[in-house]
Amino acid sequence: QLLIGFTCEVCKERSHHVMSKLAYTKGVVLIECPGCKNRHLIADNLGWFRDTSTTVEDLVKEKGEAIRK
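Anyway, here's the lowdown on the structure attached to this text.

### Looking at the nonpolar core
The nonpolar side chains of a soluble globular protein tend to be buried with one another.
Next up, step 1: The biggest cluster of nonpolar side chains holds 10 residues, and these are Ile4, Phe6, Met19, Tyr24, Val29, Ile31, Ile42, Ala43, Val56 and Val60.
Next up, step 2: Secondary structure elements with two or more residues in this core: strand 1 (2-7), strand 3 (28-32), strand 4 (39-44) and helix 2 (56-62).
Next up, step 3: Apart from residues no more than four positions distant in its own chain, Ile42 is found in contact with Ile4, Met19, Tyr24, Val29, Ile31, Thr55 and Val56.

As structure tokens, then:
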């Protein structure tokens, strides 16, 4: 199991969620914000939303932001 904590950029609510390592590394992970009910893409290894395999780490790097592990 993996734990992720993040702040929603839409409503600014901080939340934590658990996901399986298999889903994060081989599947698709969408997390719903408990505040605004927006869905956030955490991992897309099947190419459903982008042409290449993408994780939240790649998305954060694209924005030029830092990620803590």
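Read on for the rest.
### Quick notes on the pairing of strand 1
In summary, the side chains of a regular strand alternate between the two faces of the sheet.
Next up, step 1: Here 6 bridges tie strand 1 to strand 2 (residues 14-19), and the two strands are oriented antiparallel to one another. Bridge pairing in strand 2 links Gly5 to His16.
Next up, step 2: Here strand 1 hands over to strand 2 after 6 residues, with Lys12 in that stretch at a positive phi of 65°.

### Here we look at the side chain of Thr55
Next up, step 1: When you line up the elements, Thr55 lands in strand 5 (residues 54-55).
Next up, step 2: Note on Thr55: relative accessible area 14%, which makes it buried.
Next up, step 3: Once residues within four sequence positions are removed from consideration, Thr55 is found in contact with Tyr24, Ile42, Ala43 and Asn45.

### A look at unusual backbone geometry
It is generally the case that most residues other than glycine have a negative phi and that most peptide bonds are trans.
Next up, step 1: Positive phi is not limited to glycine here, since Lys12 has a value of about 65°.
Next up, step 2: Of note, Lys12 is situated in the loop between strand 1 and strand 2.
Next up, step 3: The class of Lys12 is exposed, set by a relative accessible area of 55%.
Next up, step 4: At Lys37, a position not held by glycine, the phi torsion is positive, near 65°.
Next up, step 5: Considering the arrangement of structural elements, one finds Lys37 in the loop between strand 3 and strand 4.

### Considerations on the side chain of His17
Next up, step 1: Position of His17 relative to the elements: it lies in strand 2.
Next up, step 2: Under the relative-accessibility criterion, His17 is labelled buried at 17%.
Next up, step 3: Side-chain polar atoms of His17 contact the side chain of Ser15, separated by 3.0 Å.

How each quantity is defined
In every chain, residue numbers begin from 1 and rise along the written sequence. Given that this is a predicted model, residues contribute local features only at a pLDDT of at least 70 and side-chain atom pairs are listed and counted only at 80 or more, while totals for whole chains, interfaces and linings are drawn from all residues. The side-chain values count all of the structure's non-hydrogen atoms but skip hydrogen atoms and water molecules. As used here, the term nonpolar core means buried Ala, Val, Leu, Ile, Met, Phe, Trp, Tyr and Cys residues forming a set that is joined through side-chain atoms within 4.5 Å. Think of it in three bands: with a 1.4 Å probe and only protein chains considered, a residue is buried below 20% of the maximum accessible area for its type, exposed above 50%, and partly exposed in between. Numbering of helices and strands runs from the N terminus; a helix is a DSSP stretch of H or I covering at least four residues, while a strand is a stretch of E covering at least two. Any two residues whose heavy atoms approach within 4.5 Å at even a single point are treated as in contact. Whether two strands pair depends on DSSP finding at least two bridges between them. Between N or O atoms, a polar contact is any pair within 3.5 Å; within protein, one atom must be a potential hydrogen donor and the other a potential acceptor, and residues adjacent in sequence are included only when both atoms are from side chains.

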